[in-house]
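Letter by letter, the chains look like this.
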Amino acid sequence: MSDTTIDTTTPRASTLQQARLPRWAPLGLAVAAVAAGVGIGTAAGMGNPFQMGLIAALLFVVLSYAVTAAVEGGRQAKNQLATSLVWLCFLIAVVPLLSLIWETVNRGKTVLDGYFLSHSMDGVQTILPGGGAYHAILGTLEQVGIATLIAAPIGLLTAIYLVEYGRGRLAKVVTFFVDVMTGIPSIVAGLFILSFWIIILGFGYSGFAGAMALAILMMPIVVRSTEEMLKLVPDELREASLALGVPKWRTILKVVLPTSIGGITTGVMLAVARIAGESAPIVLLVFGSQAINPSPFEGAQSSLPYYIYEQWQLGNEASFDRAWAAALVLIAFVMILNLVARGIARWKAPKTGR
């Protein structure tokens, strides 16, 4: 019988394993970079927090790359560098937006109350506190609403034609003009309506004239967003419906549109948000008014963008406060539109289940 030797030595660690930074390392490096950035900025006499933040961000990128390279190796260091740059770009994009919202809320809340939302500037001395933006809010709601009623159906039907029916030269021409209209400056749309509706046809300045210019700006956005959403609908759904003998128009109405209604609604709301802040067509066509004009089809009106421009142009402290308050109302209006769009998209989204 041969003797059997049992090896009792401890097995070696696998060479595939390598050192890793702890999970709290990025947070620790970020804190160290912020502290160093503040210190360098203070020593250099920089009073701007944005400059200190930029220094801290650059230090974080350099520190994270150097520490990761020393501990985990060059490949992980490159990955960490790319991740840090992505986060840095994200912060550069978000910080100005948050700063804008903070400044608008901080300065707009000074005069934003029930009185401001329910009164106009009729009979108010502009150098004194008081007055409100009710006439501008009413004008914005009417003008944007009319523009949406004009542009949304036309844009939706145009997109349906391009996706479901357009195959020839006409479709190419329509696509070309939609691309051209996407880049049209707002002042050009206003000048077109001014020359055609007011100068040639002889109609007066009104909210409806401004709404038509806004509809021109809104239509290409609706067409493009709706077209992309319709293209995302699987062809199998169309083929299954057509195989059952359902007409094409009914397939579009009952299958294609319900499937893409969430994206279409979001695109329309984005188009509304795009035109809600336009002031150039309003200055040309609506002409502005200090009083409440409930009729968009007769007489001058105001709107929130025009009201902001008008109050800021006056150049006194009371008008500045009213301008900031109106800007806050406009931002809240756009945010509400986006929330409504998300709610409709979730409500109308196709139900999925096992």
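First things first, this report covers the structure right here in the doc. (Residues numbered from 1 in each chain as written. Predicted model: local features only at pLDDT ≥ 70, side-chain atom pairs only at ≥ 80, totals over all residues. Heavy atoms only, no water.)

## Description of the overall build of the protein chain
Scanning the protein chain for helices and strands turns up 13 helices and zero strands. Beginning at the N terminus, the succession of helices and strands in the protein chain can be written as α-α-α-α-α-α-α-α-α-α-α-α-α. Against the compact-globule benchmark of 20 Å for 354 residues, the protein chain has a radius of gyration of 29 Å, which places it well outside the compact range. Counting only C-alpha atoms and orienting by the principal axes, one finds that the protein chain spans roughly 115 × 75 × 35 Å. When burial is assessed residue by residue, the protein chain has 37% of its 354 residues classed as buried. In the protein chain, 70% of the contacts between residues at least 6 apart in sequence involve partners at least 24 apart. Here the protein chain has roughly 21100 Å² of accessible surface; of this, 68% comes from carbon and sulfur atoms. Side chains of the protein chain give 23 positive and 19 negative charges; the mean places of these two sets differ by 9 Å. (Helix = DSSP H or I, 4+ residues; strand = E, 2+ residues; numbered from the N terminus. Rg over C-alpha atoms; globule rule 2.2 N^0.38 Å. Buried < 20%, exposed > 50% of the residue type's maximum accessible area, 1.4 Å probe, protein only. Contact = heavy atoms within 4.5 Å. Areas by Shrake-Rupley, 256 points an atom, 1.4 Å probe, with all protein chains shown as cover. Lys, Arg positive; Asp, Glu negative; His and termini not counted. Charge placed at Lys NZ, Arg CZ, Asp CG, Glu CD.)

## Some words on the packing of aromatic side chains
For any two aromatic rings, the description comes down to two numbers: the centre-to-centre distance and the angle of the planes. Considering all chains together, one arrives at 11 aromatic pairs under this definition. Look at Phe192 and Phe196: their rings are 6.1 Å apart centre to centre, the planes differ by 5°, and that puts the pair in the stacked class. Linking Phe192 with Phe196, this pair stays in helix α7 (residues 186-200), spanning four residues, or about one helical turn. By relative accessible area, Phe196 is classed as partly exposed at 39%. Put simply, the rings of Trp197, Phe203, Phe208 and Phe297 pair up and form one aromatic cluster. Here the basic side chain of Lys248 rests over the ring of Tyr165, its NZ or CZ set 4.8 Å away from the ring centre. (Phe/Tyr/Trp six-rings, centres within 6.5 Å; stacked < 30°, edge-to-face > 60°. Lys NZ or Arg CZ within 6 Å of the ring centre and 35° of its normal.)

## Quick notes on the pattern of salt bridges
Per the counting criterion, the structure on display carries seven salt bridges. When the shortest N-O distance is used, the salt bridge between Glu103 and Arg107 registers 3.9 Å. One end of the pair is Glu103 and the other is Arg107, both in helix α3 (residues 74-108) and four residues apart, which spans about a single turn. Judged by its relative accessible area of 32%, Glu103 falls in the partly exposed class. Among the charged side chains, a network of salt bridges with common partners joins Asp179, Arg224, Glu227 and Lys231. (Salt bridge = Lys/Arg side-chain N within 4 Å of Asp/Glu carboxyl O.)

## A word on the packing of helix α5 (residues 134-165) against helix α6 (residues 169-182)
The geometry of α5 relative to α6 is characterised by a closest axis approach of 10 Å and an angle of 135° between their N-to-C directions. With respect to their mutual orientation, α5 and α6 come out oblique. The way α5 lies across α6 gives a crossing that is left-handed. In contact with Thr158, Tyr161 and Leu162 of α5, α6 contributes Leu170, Ala171, Val174 and Thr175. (Axes fitted to C-alpha atoms, helices over the stretch in contact; angles between N-to-C directions. Parallel < 35°, antiparallel > 145°, perpendicular 65-115°, else oblique. Left-handed = near helix turned anticlockwise from the far one by under 90°.)

## Examining unusual backbone geometry
Phi angles above zero are rare outside glycine, and Phe287 is one such case at about 80°. Secondary-structure assignment places Phe287 in the loop between α11 (280-285) and α12 (304-314).

## Observations concerning the packing of α5 against helix α8 (residues 207-231)
At a minimum axis separation of 6 Å, α5 and α8 run at an interaxial angle of 35°. For α5 against α8, the interelement crossing comes out right-handed. By residue class, the composition of the contact of α5 with α8 is 21 nonpolar, six polar and two charged. (Nonpolar A, V, L, I, M, F, W, Y, C, P; charged D, E, K, R; others polar.)

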